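Here is what each chain is made of, one letter per residue.
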Amino acid sequence: MAAIKKKRLLAGVLFAAYLIVLCYFLFFSEEMGRTYSERQYHYNLVPFKEIWRFLHYWRKLGIGVVLMNIVGNVAAFVPYGAFLPIFSKRARSFWRTTLLGFDFSLCVELVQLVSKVGSFDVDDLLLNTIGAACGYAVYYCYIHRKKRGESPLSKTELEQ
C-alpha cells in the first residue's frame, strides 16, 4: 500500500511539474513569441481554418513551423492525458480524461483570449483534446501491459 501512495505522489509531482512547464510555454516563453506586444491580437473561431492554412502553405511557412503548430499542440497535451488517470481515480476512463483535457484546453484558450497572450484558436482546442486522448491511450496501454503480467507490479497494486 505504501508503494502505491509513493507512486501516486510521484505522479502528482510530475503532473504538477508538467502543468507548470506547460503554463510557462503557453503564457510566458519568449521562444514561443509570448512577449511581443506590438502585433495585433487575433483569434480563430472557425474549426480547421488554421490547420488547413498551415497544411496548405507549409512550403512557405516551413515544415518546422507546421510541425510546431499541429504536432506541438497534440504533443503538449499527451502528458496531461497520461498523468491524470494515474493521479486521479475519477479520471480513469477515456471519455472523462478526454473531457477534462478539453476543459483544461478551453481554460487555457480563454485565458489567452482575455489576457491577449498567444491567441484563442478553436483548432488548438481540438488538437489539445486529441493530445489528451492520445495520452490516455498511452496510460491504457501501460496499465494493460502490467495486467498481462509484463511488469513486476501485483494485480492489487494496479487496481488501486
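Everything that follows concerns the structure shown earlier in this document.
Residues numbered from 1 in each chain as written. Predicted model: local features only at pLDDT ≥ 70, side-chain atom pairs only at ≥ 80, totals over all residues. Heavy atoms only, no water.

A short note on the packing of aromatic side chains
Just so we agree on the cut-off: Only Phe, Tyr and Trp rings are paired, with Trp represented by its six-membered ring, and only when their centres lie within 6.5 Å; those with planes under 30 degrees apart are stacked, over 60 edge-to-face, the remainder tilted. Helix and strand definitions follow DSSP, with helices as H or I runs of at least four residues and strands as E runs of at least two, each counted in order from the N terminus. The rule is simple: take the accessible area with a 1.4 Å probe, protein chains only, and divide by the maximum for that residue type; under 20% is buried, over 50% is exposed, in between is partly exposed. The criterion for a charge sitting over a ring is simple: Lys NZ or Arg CZ within 6 Å of the ring centre, and within 35 degrees of the ring normal.
Tallying each qualifying case throughout the model produces 12 aromatic pairs. Geometrically, the ring pair formed by Y80 and F104 is stacked, given 5.2 Å between the ring centres and 5 degrees between the ring planes. Taken together, the residues span a long stretch of sequence, with Y80 in helix α4 (residues 63-87) and F104 in helix α5 (residues 94-115) at a distance of 24 residues. Judged by relative accessible area, which is 7%, Y80 ranks as buried. On the basis of an interplanar angle of 50 degrees and a centroid distance of 5.5 Å, the ring pair of Y136 and Y139 is categorised as tilted. Linking Y136 with Y139, this pair stays in helix α6 (residues 122-147), spanning 3 residues, or about one helical turn. Residue Y136 is classed as buried on the basis of its relative accessible area, which comes to 8%. Its relative accessible area of 10% is what places Y139 among the buried residues. Put simply, the rings of F15, Y18, F77, Y80, F87 and F104 touch in pairs and so form one group of aromatic residues. Over the ring of F54 we find R53, and its NZ or CZ is 4.8 Å from the ring centre.

Details of the pattern of salt bridges
Applied cut-off: We count a salt bridge whenever a side-chain nitrogen from Lys or Arg sits within 4 Å of a carboxyl oxygen from Asp or Glu.
A full pass over the atoms with the stated rule returns 1 salt bridge. A salt bridge links E50 to R53, with the shortest nitrogen-to-oxygen separation between them at 2.7 Å. Taken as a pair, E50 and R53 lie in helix α2 (residues 49-56) at a separation of 3 residues, close to a single helical turn. What makes E50 buried here is its relative accessible area of 11%. Note on R53: relative accessible area 33%, which makes it partly exposed.

Observations regarding the environment of S105
For the record, the criterion: Contact criterion: two residues are considered in contact whenever any of their non-hydrogen atoms come within 4.5 Å of each other.
Along the chain, S105 turns up in helix α5. Classification of S105 as buried rests on a relative accessible area of 0%. Residues S105 and V122, 17 residues apart in the sequence, show an inter-C-alpha distance of 9.8 Å. Discounting residues that sit within four places of it in the chain, S105 has contacts with F77, D124, L125 and N128.

Here's the deal with the packing of helix α1 (residues 2-27) against α5
Operational definition: In this analysis, axes come from line fits to C-alpha atoms, helices being fitted only over the stretch in contact, and the angle between any two N-to-C directions falls in the range 0 to 180 degrees. Left-handed is the label given to a crossing in which the near helix is rotated counterclockwise from the far helix by less than a right angle, and right-handed is the label when the rotation is clockwise. Residue type decides the class: Asp, Glu, Lys and Arg count as charged, Ala, Val, Leu, Ile, Met, Phe, Trp, Tyr, Cys and Pro as nonpolar, and the leftover types, Gly among them, as polar.
At a minimum axis distance of 11 Å, the contact between α1 and α5 shows a crossing angle of 35 degrees. The way α1 lies across α5 gives a crossing that is right-handed. Every residue of α5 that contacts α1 at L19, L22, L26 and F27 is listed here: F104, V108, V111 and Q112. Broken down by class, the residue content of the contact of α1 with α5 amounts to 7 nonpolar, 1 polar and no charged.

Concerning α6
Note the cut-off: Every helix has an expected span of 1.5 Å times one less than the residues it contains. Within 3.5 Å is the distance limit for a polar contact, defined as a pair of N or O atoms, with the added protein rule that one can donate a hydrogen and the other accept it, and that residues adjacent in sequence qualify only through two side-chain atoms.
The terminal C-alpha atoms of α6, which comprises 26 residues, lie 38 Å apart, in line with the 38 Å expected from a rise of 1.5 Å per residue. The opening residue of α6 is D121, an N-cap whose side-chain oxygen sits 2.9 Å from the backbone nitrogen of D123.

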